[in-house]
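# Survey of secondary and tertiary structure
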Amino acid sequence: MTVVKSLIALAFLVFLSQGLQAAPKDCITTLMGNDTRDTFNFTLHSDDVDRDFGRDFLAEAIFTIRTLLDREGCSPTDVNFGQGPHGRSHSRCSKVVRNQEHTRVCYVETNLGYFFLTKDLLENINISYSRWD
């Protein structure tokens with residue numbers, strides 16, 4: 001009887017782990033609009049990300065991506081901001097033109113792919129998502 005319970009428990013764990021592995025692929029498919037494109041663009045209004053991050057632009061970018069993923073129906077566990085294609089992710093925000101705040105761009109690597117975030121002068125946040133090959 002104990003062996004049967006152990007086998008059932010093992011089968012359940014295998015089933016769960018396969019389901020967890022499939023979730024990010026479902027999220028990627030959702031982000032790509034169920035299409036075969038490699039890049040897709042989104043726009044959020046800054047009111048959708050109504051939180052003060054001060055000068056922590058990377059934290060704001062990550063929160064914005066989490067907001068987008070939630071809006072698109074992805075699970076919070078689908079994304080890993082610490083994992084890039086070759087191990088640890090390399091994310092950062094910087095200005096393209098010095099002393100021009102509106103030229104700030106954030107690059108964020110995740111296990112799902114990478115994101116570029118920019119803000120326009122009309123309070124929109126533009127997000128370009130590209131999946132890993």
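Residues numbered from 1 in each chain as written. Predicted model: local features only at pLDDT ≥ 70, side-chain atom pairs only at ≥ 80, totals over all residues. Heavy atoms only, no water.

## Examining the nonpolar core
In terms of nonpolar packing, the biggest core is built from 23 residues, with Leu31, Leu69, Phe115, Leu117 and Ile127 touching the most fellow members. Looking at this core, the elements with two or more residues in it are α1 (2–31), β1 (39–45), α2 (57–71), β5 (104–109), β6 (113–119) and β7 (124–131). For this core, the element with the highest residue contribution is α2, accounting for 5 residues. If we ignore the near neighbours within four places in the chain, the residues touching Phe115 are Ile65, Leu68, Cys106, Tyr107, Val108, Thr110, Ile127, Ser128 and Tyr129. (Core = buried A, V, L, I, M, F, W, Y, C linked by side-chain atoms within 4.5 Å. Buried < 20%, exposed > 50% of the residue type's maximum accessible area, 1.4 Å probe, protein only. Helix = DSSP H or I, 4+ residues; strand = E, 2+ residues; numbered from the N terminus. Contact = heavy atoms within 4.5 Å.)

## A short note on a negative patch on the surface
Taken together, the side chains of Asp47, Asp48, Asp50 and Glu123 present a region of like negative charge at the surface. On the secondary structure map, Glu123 appears in the loop between β6 and β7. With relative accessibility at 47%, the residue Glu123 sits in the partly exposed group. (Patch = residues over 30% accessible without salt bridge, like charges linked within 9 Å, V, L, I, M, F, W, Y side chains within 5 Å. Areas by Shrake-Rupley, 256 points an atom, 1.4 Å probe, with all protein chains shown as cover. Salt bridge = Lys/Arg side-chain N within 4 Å of Asp/Glu carboxyl O. Lys, Arg positive; Asp, Glu negative; His and termini not counted. Charge placed at Lys NZ, Arg CZ, Asp CG, Glu CD.)

## Structural notes on the confidence of the model for the protein
Residues at a pLDDT of 70 or more form 83% of the protein, whose mean pLDDT is 84. Looking across the protein, the model is least confident in α1, with a mean pLDDT of 57, and most confident in β5, with 97. In this model, residues 10–22 is a region of pLDDT below 50 whose contacts with residues beyond four sequence positions or in other chains number 0 contacts. (pLDDT = per-residue confidence, 0-100.)

## Looking at the state of the cysteines
What is meant by a disulfide is a covalent connection between two cysteines, made through their sulfur atoms. What the rule picks out here adds up to 2 disulfides. One disulfide in the model links Cys93 with Cys106; its S-S distance is 2.0 Å. Judged by the sign of its S-S torsion, about 110 degrees, the cystine formed by Cys93 and Cys106 is right-handed. Here the residue Cys93 occupies a position in strand β4 (residues 92–95), and Cys106 occupies one in strand β5, the gap between them amounting to 13 residues. Here Cys93 and Cys106 have matching classes, each one buried. (Disulfide = S-S within 2.5 Å.)

## Examining the environment of Lys25
Along the chain, Lys25 falls in helix α1. The exposed category is assigned to Lys25, whose relative accessible area is 60%. Here the alpha-carbon distance between Lys25 and Leu112, two residues 87 residues apart in the chain, equals 8.0 Å.

## Digging into the pattern of salt bridges
Applying the stated criterion across every chain yields a total of 5 salt bridges. Note that Asp38 and Arg131 form a salt bridge whose closest N and O atoms lie 2.6 Å from each other. Taken together, the residues Asp38 in the loop between α1 and β1 and Arg131 in strand β7 connect sequence positions 93 residues apart. Judged by relative accessible area, which is 29%, Arg131 ranks as partly exposed. Three or more residues joined by partner-sharing salt bridges are found here, namely Lys95, Glu101 and Arg104.

## Quick word on the packing of aromatic side chains
The tally for this structure, following the rule as stated, stands at 7 aromatic pairs. Measuring from ring centre to ring centre gives 5.2 Å for Tyr107 and Phe116, while their planes differ by 45 degrees; the resulting arrangement is tilted. The class for Phe116 is partly exposed, based on a relative accessible area of 36%. With a centroid separation of 5.9 Å and an interplanar angle of 90 degrees, the aromatic rings of Tyr114 and Phe116 are classed as edge-to-face. Chaining the aromatic ring pairs together yields one cluster made of Tyr107, Tyr114, Phe116 and Trp132. Over the ring of Phe57 we find Arg104, and its NZ or CZ is 3.6 Å from the ring centre. (Phe/Tyr/Trp six-rings, centres within 6.5 Å; stacked < 30°, edge-to-face > 60°. Lys NZ or Arg CZ within 6 Å of the ring centre and 35° of its normal.)

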